[in-house]
Amino acid sequence: MSLRTIESSNTMKQNEHYNLHSTPQLTAIEKSFTYIQKAIEEHKASFSLTDIFFIVDYGCAQGTNAVVAIEAIVEAVQQKYGTAISNQICTVFNDLPTNDWSVLIKTISKSSFTSLALGKPFYEQILPSNTVQFGYTSSAIHWLSKKPCNLHRHCFVLAGQSTAEEMAMWKAQAAEDYKIFLQHRSNELKKGAVLLCVTLSRDNSNDTGNLPTYDNLYQSATAVLDEDELLNYNIQGYYRSLEEQTDPILLSELNFELIYADLYLLQHPIYENYRLKNIDFKEFIEKFTEFVRSWAEMSLINCLRKDRTEEERTKIIENFWNEFRNGMQLRGAEHFNKNPYRSYIILRKL
Ligand SMILES: C[S@@+](CC[C@H](N)C(=O)[O-])C[C@H]1O[C@@H](n2cnc3c(N)ncnc32)[C@H](O)[C@@H]1O
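Note that the coordinates shown come from a computational prediction; the quantities given were computed from them, not determined experimentally. (Residues numbered from 1 in each chain as written. Predicted model: local features only at pLDDT ≥ 70, side-chain atom pairs only at ≥ 80, totals over all residues.)

Colleague: Where do I start with the overall build of the protein in this structure?
Modeller: Looking only at helices and strands, the protein features 13 helices and eight strands. Radius of gyration (C-alpha) of the protein: 20 Å, near the 20 Å computed for a compact globule of 350 residues. Counting across all 350 residues of the protein, residues that qualify as buried make up 45%. Nonlocal contacts in the protein, meaning residues at least 24 apart in sequence, comprise 85% of its contacts between residues at least 6 apart. (Helix = DSSP H or I, 4+ residues; strand = E, 2+ residues; numbered from the N terminus. Rg over C-alpha atoms; globule rule 2.2 N^0.38 Å. Buried ≥ 20, exposed ≤ 12 C-beta atoms within 10 Å, placed from the backbone. Contact = placed C-beta atoms within 7 Å.)

Colleague: I would appreciate a short explanation of the site of the ligand in the present structure.
Modeller: Near the ligand you find 24 residues, and of these Gln25, Gly59, Ala61, Asn65 and Ala140 are the closest. Elements that contribute at least two residues to the shell around the ligand include exactly α2 (23–31), α4 (64–81) and β2 (89–95). (Near = placed C-beta within 6 Å.)

Colleague: What's the story with helix α7 (residues 211–224) in this structure? I'm lost.
Modeller: Residues spaced three or four apart along an α-helix face the same direction, because each turn holds 3.6 residues. An ideal rise of 1.5 Å per residue puts 20 Å on 14 residues; α7 measures up with 20 Å between its terminal C-alpha atoms. Within α7 the residues assigned to the buried category are Thr213, Tyr214, Asn216, Leu217, Tyr218, Ser220, Ala221 and Val224. Where α7 is buried, its residues touch α8 (227–232), α12 (281–303) and α13 (310–331). (Expected span 1.5 Å × (residues − 1).)

Colleague: Even after reading the chapter, I still don't get the packing of α2 against α4, so can you show me in this structure?
Modeller: Any two packed helices are characterised by the angle at which their axes cross and by the distance between the axes. Direction vectors running N to C along α2 and α4 enclose 5 degrees, while the axes themselves pass 10 Å from each other. As summarised for this structure, α2 and α4 are arranged roughly parallel, according to the angle between their axes. Residues Gln25, Leu26 and Ile29 of α2 lie in contact with α4, whose contacting residues are Asn65, Val68 and Ala69. In terms of residue class, the contact of α2 with α4 is made up of four nonpolar, two polar and no charged. (Axes fitted to C-alpha atoms, helices over the stretch in contact; angles between N-to-C directions. Parallel < 35°, antiparallel > 145°, perpendicular 65-115°, else oblique. Nonpolar A, V, L, I, M, F, W, Y, C, P; charged D, E, K, R; others polar.)

Colleague: I'm lost on the nonpolar core in this one. Help?
Modeller: Of all hydrophobic cores here, the largest spans 88 residues; its most connected members are Ile55, Ile73, Cys155 and Leu196. It is α4 that provides the largest number of residues to this core, a total of nine residues. Other than its neighbours up to four places away in sequence, leucine 196 contacts Ser32, Tyr35, Ile36, Ala39, Tyr136 and Ile346. (Core = buried A, V, L, I, M, F, W, Y, C linked by C-beta atoms within 7 Å.)

Colleague: Looking at this structure, how should I read the environment of phenylalanine 53?
Modeller: With respect to the helices, strands and loops of the structure, phenylalanine 53 is situated in strand β1 (residues 53–58). Judged by the 22 C-beta atoms lying within 10 Å of it, phenylalanine 53 falls in the buried class. Between the C-alpha atoms of phenylalanine 53 and threonine 107, which are 54 residues apart in sequence, the distance is 22 Å. Contacts of phenylalanine 53, omitting those with residues within four sequence positions, involve Phe47, Val77, Ile85, Gln88, Ile89, Cys90 and Gln133.

Colleague: I'm lost on the environment of phenylalanine 113 in this one. Help?
Modeller: Mapped onto the elements, phenylalanine 113 comes out in the loop between α5 (101–108) and β3 (114–119). Aside from chain neighbours lying at most four places away, what touches phenylalanine 113 is Val74, Ile89 and Thr91.

Colleague: What is the right way to read unusual backbone geometry from this model?
Modeller: For residues besides glycine, phi is generally negative; the peptide bonds are generally trans as well. We note that asparagine 15 has phi near 55 degrees; this positive angle belongs to a residue other than glycine. Here asparagine 15 shows up in the segment before α1 (17–20). Given 12 C-beta atoms within a 10 Å radius, asparagine 15 is considered exposed. In this structure, asparagine 130 is a non-glycine residue whose phi angle is positive, near 60 degrees. Here asparagine 130 lies in the loop between β3 and β4 (132–138). A tally of 13 C-beta atoms within 10 Å means that asparagine 130 is categorised as partly exposed.

Colleague: What is the right way to read α13 from this model?
Modeller: The end-to-end C-alpha distance of α13, which contains 22 residues, comes to 32 Å, matching closely the 32 Å that a straight helix rising 1.5 Å per residue would cover. Restricting attention to buried positions, one finds in α13 the residues Ile316, Phe320, Phe324, Gly327 and Met328. Relative to the axis of α13, the buried residues are bounded by an arc of 115 degrees and lie together on one face. Counted as exposed and oriented over 90 degrees from the buried face of α13: Glu311, Thr314, Glu318, Gln329 and Leu330. Where α13 is buried, its residues meet α7 and α12. Positioned one or two residues after α13, glycine 332 has a phi angle of 90 degrees, which is positive. (Arc of directions from axis to C-beta.)

Colleague: What's the story with the confidence of the model for the protein in this structure? I'm lost.
Modeller: When pLDDT is low, close inspection of the predicted coordinates is not appropriate. Of the residues in the protein, 98% reach a pLDDT of 70 or more, and the chain-wide mean stands at 96. With pLDDT under 50 throughout, residues 1–6 is counted as low confidence; its partners more than four residues away or in other chains account for 11 contacts. (pLDDT = per-residue confidence, 0-100.)

Colleague: What exactly am I supposed to notice about the environment of glutamate 229 here?
Modeller: On the secondary structure map, glutamate 229 appears in helix α8. For glutamate 229, a count of 17 C-beta atoms within 10 Å translates into the label partly exposed. Separated by 22 residues in the primary sequence, glutamate 229 and leucine 251 place their C-alpha atoms 39 Å from one another. Discounting residues that sit within four places of it in the chain, glutamate 229 has contacts with Cys303, Leu304 and Arg305.

Colleague: Just to check I follow, could you spell out the packing of α7 against α13 for this structure?
Modeller: Across the interface, α7 lies against α13 with an axial gap of 8 Å and an inter-helix angle of 135 degrees. What the angle tells us is that α7 and α13 run oblique. Crossing of α7 over α13 shows right-handed handedness. Along the contact surface, α7 presents Asn216, Leu217, Gln219, Ser220, Ala221, Ala223 and Val224, while α13 presents Ile316, Asn319, Phe320, Glu323, Phe324, Gly327 and Met328. (Left-handed = near helix turned anticlockwise from the far one by under 90°.)

The following block contains the structure:
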């Protein structure tokens, strides 16, 4: 694929790359299994024998991880309502139109239940009103719908380098996006249905757990980009605090009842493999770099000047990731030992 044709910075690296390099996101999904159980226990929506039981994953990427979450939800539904419900279940895999849909379809074709792929931004209503029984999202809604402004001193708004004005604009964009996301889910969900949001988050001291990675990304960018490109090099994500996600006034306005809200700092499976000596430092650097590359490369490609030739782009991208590896080599494995904070929030539609 040409390096000029990418439309969204939020799209994962194509050609199965994300599927092959996303075990940290899978750890977050595995942690959600107990919350899936809790959410199903709290599911109160009615349905008849002729209704379709829609389960939706918002932000499924290329599917390997999403299928694990969806299978856990289907199993929990079958346990609560009996296996006879199985042929009423329809699972919906949603992501941006720019997602690698051919890989997703290949991945979900192996699963035994009826599945649909739906390429629309989740900041729109994507299913008919009053149809969804179980909504799920993991490691996806921190991606904002648009960049509110350029950041002058870093690529990540929560790196402690943003001006007050930059911070205010990104915070407002994150609040607006969250409200829009919930508004549409509220329309789609049936009364008594549940929504489980697993989201990159931060603790009370504003620690995201992910700063070493963003610092290393920014330092790599300063080494290979021109000044105008560096200014445009921003990762369009915002890690909302629990408070930002559970504002009682907002939830009640959108007809949601809060069931659970928890926060965890999870183990990083690539670092754990290194710590347990299953891989050496060189392999750790390689695997960690590919993991970051799968979600961060589009932001790099999109900041490059339009007059860059294809050869220049290829060279810059190669140099960038070499700088990233060098930065890891310099700082050591311990510096990159965290899987960022994740919030687990269960909401029920009133
Ligand atoms: C890090 S991946 C997570 C994939 C999967 N849920 C997992 O946990 O492995 C984030 C996904 O969210 C998708 N995404 C970001 N913004 C989106 C939007 N506005 N609408 C739909 N999907 C979006 C990206 O395209 C990407 O596939």
